[in-house]
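Each chain, letter by letter, is given below.
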Amino acid sequence: DAMLAKFARPGMCNPADTDSPWTAQDATDDARLQAAAARDTRTPAQRNHDALLGFLRPELGGPAKRGSHRGVPVAAIMTMSIADVERAAGVATLATGGTVPISEALELAQQSKRFLMVFDHAGMPLHVGRESRTATKAQRLALIATERGCTRPNCSAPASRAQVHHLTEWSKGGKTDIENLTLACDSCHAQVHDGPGGWKTVKLGPDTAFPGRTAWIAPPHIDPTGTPQVNHRHHPGELMALTLSRIQDRNRQARERHKRWLATHRATPATP
Ligand SMILES: [Zn+2]
């Protein structure tokens, strides 16, 4: 999955395009890759096929030449909670979408580089300010771990298919700080603009149901109320919590109705 995320993305390894990049080295030329992606008319299945063909070509080289994809190494990126690691149960989530049992994830992690993410305690360069427009590797990894994928409501694109988006645009003075960064897939990112029909992105404040999360505001023709919405697709636990709280609400209302019914019927004196 990690290899295909890089080598099967639009523009890469296209045999019908003489200027399509095939190697990790060629893919570092962003302008060339973007131009090739614009000419690419292949289906995802065809792109996967051509990428696999690319792995078999000697000039692609060995695993040492996998390079990077959207600023992080081409490798399986797994996120697991310390609670799950301690009880050796549960699942690790993958940057490419999907899950791996904790037992297998720990086995794989034995030979890997590990990144410890300590949230709310900045131990890593998560604040870059106006020094660089491009997000750092630590910022990308932090977003992969927390957001897990595109943040637009109901979008299922995993982190490997998302780019780092500035909530306040760089062109409008936005900083490359973790609070101003979020994940958006290429097609959702293209829908954020100031023109008619454009979406807006905001960070939710401390008094909201999901503080610190990115919310998207749909254009008036989709949502006239302009209510900011978060994406629950990559956070199944939240959907479970929402469903449970709805069930508990319903049960509480039923209990209260029953109590009121009992109270009114007990109040009525029984006929002899
Ligand atoms: Zn998306």
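Reading the values: the criteria
Residues numbered from 1 in each chain as written. Predicted model: local features only at pLDDT ≥ 70, side-chain atom pairs only at ≥ 80, totals over all residues. Heavy atoms only, no water. Helix = DSSP H or I, 4+ residues; strand = E, 2+ residues; numbered from the N terminus. Buried < 20%, exposed > 50% of the residue type's maximum accessible area, 1.4 Å probe, protein only. Contact = heavy atoms within 4.5 Å. Polar contact = N/O pair within 3.5 Å; in protein donor to acceptor, adjacent residues only side chain to side chain. Donors = N, O, S within 2.8 Å, 3.2 Å for Na, K, Ca; no water. Tetrahedral: all angles 85-135°; square planar, octahedral: opposite > 155°, others 65-115°. Core = buried A, V, L, I, M, F, W, Y, C linked by side-chain atoms within 4.5 Å. Pairing = 2+ DSSP bridges. Axes fitted to C-alpha atoms, helices over the stretch in contact; angles between N-to-C directions. Phe/Tyr/Trp six-rings, centres within 6.5 Å; stacked < 30°, edge-to-face > 60°. Lys NZ or Arg CZ within 6 Å of the ring centre and 35° of its normal. Patch = residues over 30% accessible without salt bridge, like charges linked within 9 Å, V, L, I, M, F, W, Y side chains within 5 Å. Areas by Shrake-Rupley, 256 points an atom, 1.4 Å probe, with all protein chains shown as cover. Salt bridge = Lys/Arg side-chain N within 4 Å of Asp/Glu carboxyl O.

Asker: Any chance you could explain the overall build of the protein here in plain terms?
Answerer: When helices and strands are tallied, the protein shows eight helices and nine strands. Within the span of the protein, comprising 272 residues, buried residues form 36% of the whole. For the protein, the share of sequence-separated contacts (at least 6 apart) that also reach a separation of at least 24 residues comes to 53%.

Asker: Could you clarify how one ought to interpret the side chain of H166 in this entry?
Answerer: For H166, the position within the fold is in strand 6 (residues 162-166). For H166, a relative accessible area of 8% puts it in the buried group. Among the polar contacts made by the side chain of H166, one reaches the main-chain carbonyl oxygen of R133 at a distance of 3.5 Å. What H166 contacts, discounting residues up to four positions off in sequence, is R133, G174, K175, T176, N180 and L181.

Asker: Can you walk me through the coordination of the zinc ion in this structure?
Answerer: For a metal with four tetrahedral donors the ideal donor-metal-donor angle is 109.5 degrees, whereas six octahedral donors ideally subtend 90 or 180 degrees. In this structure, C150 (SG), C155 (SG), C185 (SG) and C188 (SG) serve as the protein donors to the zinc ion, at separations of 2.3 to 2.4 Å. Each of the four donor atoms bound to the zinc ion contributes to angles spanning 98 to 117°, and the resulting shape is tetrahedral. Motif for the zinc ion, donor spacing along one chain: C-x4-C-x29-C-x2-C. Highlighted residues: C150 in the loop between helix 6 (137-147) and strand 6 and C188 in helix 7 (residues 186-189), separated in sequence by 38 residues. Of the two residues, C150 and C188, both sit in the buried class.

Asker: Help me understand the nonpolar core, please; the structure alone is not making it clear to me.
Answerer: Looking at soluble globular proteins, one finds that nonpolar side chains tend to be buried together. Ranked by internal contacts, the top residues of the largest apolar core, which has 14 residues, are I77, L143, I144, V164 and L183. For this core, the leading source of residues is helix 6, giving four residues. Contact partners of L143, with chain neighbours within four places excluded, come to R148, V164, I178, L181, T182 and L183. Formed by 10 residues, the second largest nonpolar core is a distinct cluster that contains C155, A157, C188 and A218.

Asker: Help me understand the sheet that holds strand 5 (residues 99-101), please; the structure alone is not making it clear to me.
Answerer: Read from one edge to the other, the open sheet built from three strands follows the order 3-4-5, with strand pairing classed as antiparallel. The two strands at the open ends of the sheet, each matched to only one other strand, are strand 3 (78-79) and strand 5. Where strand 4 (residues 91-94) meets strand 5, three bridges bridge the pair, whose relative direction is antiparallel. Residue pairing in the sheet places V91 in a bridge with P101 of strand 5. Its contacts with the sheet place helix 5 (residues 102-109) against strand 3, strand 4 and strand 5, and it is angled at close to 90° to strand 5.

Asker: In this structure, what is going on with the packing of aromatic side chains? I would like to understand it.
Answerer: Centre-to-centre distance and the angle between the planes together describe a pair of aromatic rings. Counting across every chain of the model gives two aromatic pairs. Ring geometry for W199 versus W216: centroids 6.2 Å apart, planes at 65°, classification edge-to-face. Of this pair, W199 sits in the loop between helix 7 and strand 8 (200-203) while W216 sits in strand 9 (residues 214-217), and the two are 17 residues apart along the sequence. When its relative accessible area of 9% is taken as the criterion, W199 is described as buried. The class of W216 is buried, set by a relative accessible area of 0%. The cationic tip of K6 hangs over the ring face of F7; the distance from NZ or CZ to the ring centre is 5.8 Å.

Asker: How should I be thinking about a nonpolar patch on the surface in this particular structure?
Answerer: Residues I82, V85 and L106 make up a contiguous nonpolar surface patch of about 240 Å² in total accessible area. Assignment of secondary structure puts I82 in helix 4 (residues 82-87). A residue is classified by how much of its surface remains accessible, and I82, at 60% relative accessible area, is exposed.

Asker: Would you mind showing me how to read the pattern of salt bridges here?
Answerer: Close approach of charged atoms allows side chains of opposite charge to pair. If you walk through the whole model with that rule in mind, you get 10 salt bridges. A salt bridge links K172 to D194, with the nearest nitrogen and oxygen atoms 2.7 Å apart. Residue K172 is located in the loop between strand 6 and strand 7 (181-185), and its partner D194 is located in the loop between helix 7 and strand 8; the two are separated by 22 residues in the primary sequence. Exposure class is identical for K172 and D194. Each is exposed. With a closest N to O distance of 2.3 Å, R213 and E238 form a salt bridge.

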